[in-house]
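Coordinate analysis (summary)
What follows is the residue order along each chain.
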Amino acid sequence: MKEFEGYQYKEKGICAPQGFRANGLNCGLNPVKEKNDLCLLVSDRECDTAAVYTQNKVKGAPILITKKHLFASNGKAQAVIANSKNANTCNHDGEEKAEQMCVLAAKALGIQTEKVLVASTGVIGQVLPIEPIEAAIPELVKGLSYDGNEKAVQAIMTTDTIPKQVAVEFVAEGKTVRIGGMAKGSGMIHPNMATTLNFITTDLAITSDLIQKALQEVVAVTYNCLSIDGDTSTNDMVCVMANGMAENKKITEENQAYQMFKQGLYIVMMNLTRMLAKDGEGATKLLECICSGAPDWNTAITVAKSVIVSPLFKCAMFGEDANWGRILCAVGNAKAEFAIDLVEVKLCSSAGELLVCQDGSGVAFSEEFAQTVLKEDEIQILIDLKQGEAAATAWGCDLTYDYVKINGDYRS
């Protein structure tokens, strides 16, 4: 992971900040008993909380209930209950079940129902059975631990092959502060305001309004710059909870401490974004497209995203084929204004850097060296528009046979 001055990476993900406990277990939603399917995240103190959600017109019932609870509690929360295997979406009783999950967790924790948020992921359109969740609540609460992040992150995994979590530590106003996060997601990822399920904790004291501002700005340059397959999920959510246990003076304005928090949030979310991209369904390569030399950021990110979402380009990367024409084609499809005859394209990896296009035209290169570069599991596509100073990065993965296999029988 990239190092950032003033920030240190820590273990324990969402449990790295002070005062956060978590647990996960198998309640029976997933027939594979070795796989957790239900988790709970709880803070010792009430948290200032903010969230962003999918912009898909079809929204999972848990999102509707979470939004309702945060509105009713004026941006305060203390716990999150989440399940995998069933998205609880497009069901006539979905909101009732999502609310019931919150009621059950709140009662067991001795807190108000409105202080519990809820999330679900899995198959859409299947009725969520509440009975196994209800039966598992006592054990779920009893097993809450300040080291429970591993069990929790495993409980939100669906087609994910690896757990995704990261935490950082920094000093703000003389106080040691931590931000931790966990995420799930492998397919149906093409975000619009949020992506997958992401839960972020911090022991910083900061208002929910400022968390919301920082979250939306950081989402724009991290999660919203990620695409696996071009499909925006119905259940996407990112929530940030701050319990203030670092004992700093509460941040109420955009001062230096706020900027430190925002940078820490970026580091956590950027790393989770990379993890999500690398673990795309069936993926063998993380693809990072950096567009520089743009007249403005919007142009840069539009071009970078256009490349990352191109199926032809993604297939070429899977085949380790330096078919740069597909890259230039994707650049040209971007809905932005720039001169194509100035564009330069390079392919990079730990094996080296290869120039494939200059001034909008191809240049001679070694196919043997190109294949060496593209054999690595992390590939950078460097696009220089040579028409300004702005730059942006988008992340994605290659498109493989296994992606089709996974989604051909997803329900089973």
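You'll find the structure just up there.
Quick notes on the rules
- Position numbers for residues count from 1 along each chain, tracking the sequence in the order it is written.
- Totals for whole chains, interfaces and linings use all residues, but because this is a predicted model, local features are given only for residues with pLDDT of at least 70 and pairs of side-chain atoms are given and counted only at 80 or more.
- Side-chain metrics rest on all non-hydrogen atoms present in the structure, leaving aside hydrogens and water.
- Under the DSSP-based scheme used, a helix requires at least four consecutive residues in state H or I and a strand at least two consecutive residues in state E, with every element numbered from the N terminus.
- For this measure, only C-alpha atoms enter the radius of gyration; the expected value for a globule follows 2.2 Å times N^0.38, where N is the number of residues.
- A simple rule labels every residue: compare its accessible area, found with a 1.4 Å probe on the protein chains alone, to the largest value its type can have, and call it buried under 20%, exposed over 50%, or partly exposed in between.
- A pairing counts as a salt bridge when a side-chain nitrogen of Lys or Arg comes within 4 Å of a carboxyl oxygen of Asp or Glu.
- Should DSSP find at least two bridges between two strands, the strands are taken to pair.
- A crossover counts as right-handed when, viewed with the strands pointing away from the observer, the path leading from the first strand over the helix to the second turns clockwise.
- The contact criterion used throughout is that any non-hydrogen atoms of two residues lie within 4.5 Å.
- For helices, the axis comes from a line fit to the C-alpha atoms of the stretch in contact; other axes are also lines fit to C-alpha atoms, and the angle between any two N-to-C directions lies between 0 and 180 degrees.
- For any pair of crossing helices, the crossing counts as left-handed if the nearer helix is rotated counterclockwise from the farther one by less than a right angle, and right-handed if it is rotated clockwise.
- Residue polarity follows a fixed list, in which Ala, Val, Leu, Ile, Met, Phe, Trp, Tyr, Cys and Pro are nonpolar, Asp, Glu, Lys and Arg are charged, and the others, Gly among them, are polar.
- Note on aromatic contacts: the rings of Phe and Tyr and the six-membered ring of Trp form a pair at centre separations within 6.5 Å, being stacked when their planes are under 30 degrees apart, edge-to-face when over 60 apart, and tilted otherwise.

1. So, the overall build of the protein chain
Scanning the protein chain for helices and strands turns up 11 helices and 15 strands. In terms of overall dimensions, the protein chain is globule-like: its C-alpha atoms have a radius of gyration of 22 Å, near the 22 Å expected for 412 residues. Dimensions along the principal axes, computed over C-alpha positions, put the protein chain at roughly 70 × 50 × 35 Å. Out of the 412 residues in the protein chain, the part that is buried amounts to 56%.

2. Quick word on the pattern of salt bridges
Throughout the structure, instances matching the rule amount to 24 salt bridges. With a shortest N-O distance of 3.1 Å, D147 and K12 are connected by a salt bridge. With D147 in the loop between α3 (131–142) and α4 (149–155) and K12 in the loop between β1 (8–10) and β2 (20–25), this residue pair connects regions lying 135 residues apart in the sequence. Taking relative accessible area as the criterion, K12 reaches 29% and is therefore assigned partly exposed. The partner of D160 in a salt bridge is K164, and the shortest N-O contact between them spans 2.6 Å. Overall, the relative accessible area of 8% leaves D160 in the buried class. Using a relative accessible area of 0% as the deciding quantity, one classes K164 as buried.

3. Some words on the pairing of strand β9 (residues 237–242)
Most of β9 sits inside the fold, with 6 of its 6 residues counted as buried. Judged by which residues are buried, β9 turns out to be covered on both faces: M237, C239 and M241 on one side and V238, V240 and A242 on the other are all buried. Sheet topology places strand β3 (residues 38–53) next to β9; 6 bridges connect them, and they run antiparallel. Residue pairing in the sheet places D48 in a bridge with A242 of β9. Alignment of strand β8 (residues 197–202) against β9, held across 6 bridges, turns out to be parallel. Bridge pairing in β9 places L197 opposite M237. Tracing the backbone out of β8, into helix α5 (residues 208–221) and back to the parallel element β9 gives a crossover that is right-handed.

4. Considerations on the side chain of T273
Its location among the elements puts T273 in helix α6 (residues 256–278). Residue class for T273 comes out buried when judged on its relative accessible area of 0%. Aside from chain neighbours lying at most four places away, what touches T273 is T222, Y223, L226 and W395.

5. Thoughts on the packing of helix α2 (residues 94–109) against α3
Two elements in contact, α2 and α3, have axes whose closest approach is 10 Å; the angle formed by their N-to-C orientations is 30 degrees. Read as a crossing pair, α2 and α3 show a hand that is right-handed. Side by side, α2 and α3 meet where M101, L104, A108 and L109 of the first sit next to I133, E134, I137 and V141 of the second. Of the residues contributing to the contact of α2 with α3, the split by class is 7 nonpolar, no polar and 1 charged.

6. Observations concerning the packing of aromatic side chains
If you walk through the whole model with that rule in mind, you get 3 aromatic pairs. Where F4 meets Y266, the ring centres are 6.4 Å apart and the plane angle is 80 degrees; that geometry is what we call edge-to-face. You can see F4 sitting in the segment before β1 and its partner Y266 sitting in helix α6, a full 262 residues away along the chain. Judged by its relative accessible area of 13%, F4 is buried. With 5.2 Å between their ring centres and 45 degrees between their planes, Y7 and F170 make a pair best called tilted. Placement of the pair is Y7 in the segment before β1 and F170 in strand β6 (residues 164–172), with a sequence separation of 163 residues. When sorted by exposure, Y7 lands in the same class as F170, which is buried.

By themselves, these observations are geometric and do not establish any function.
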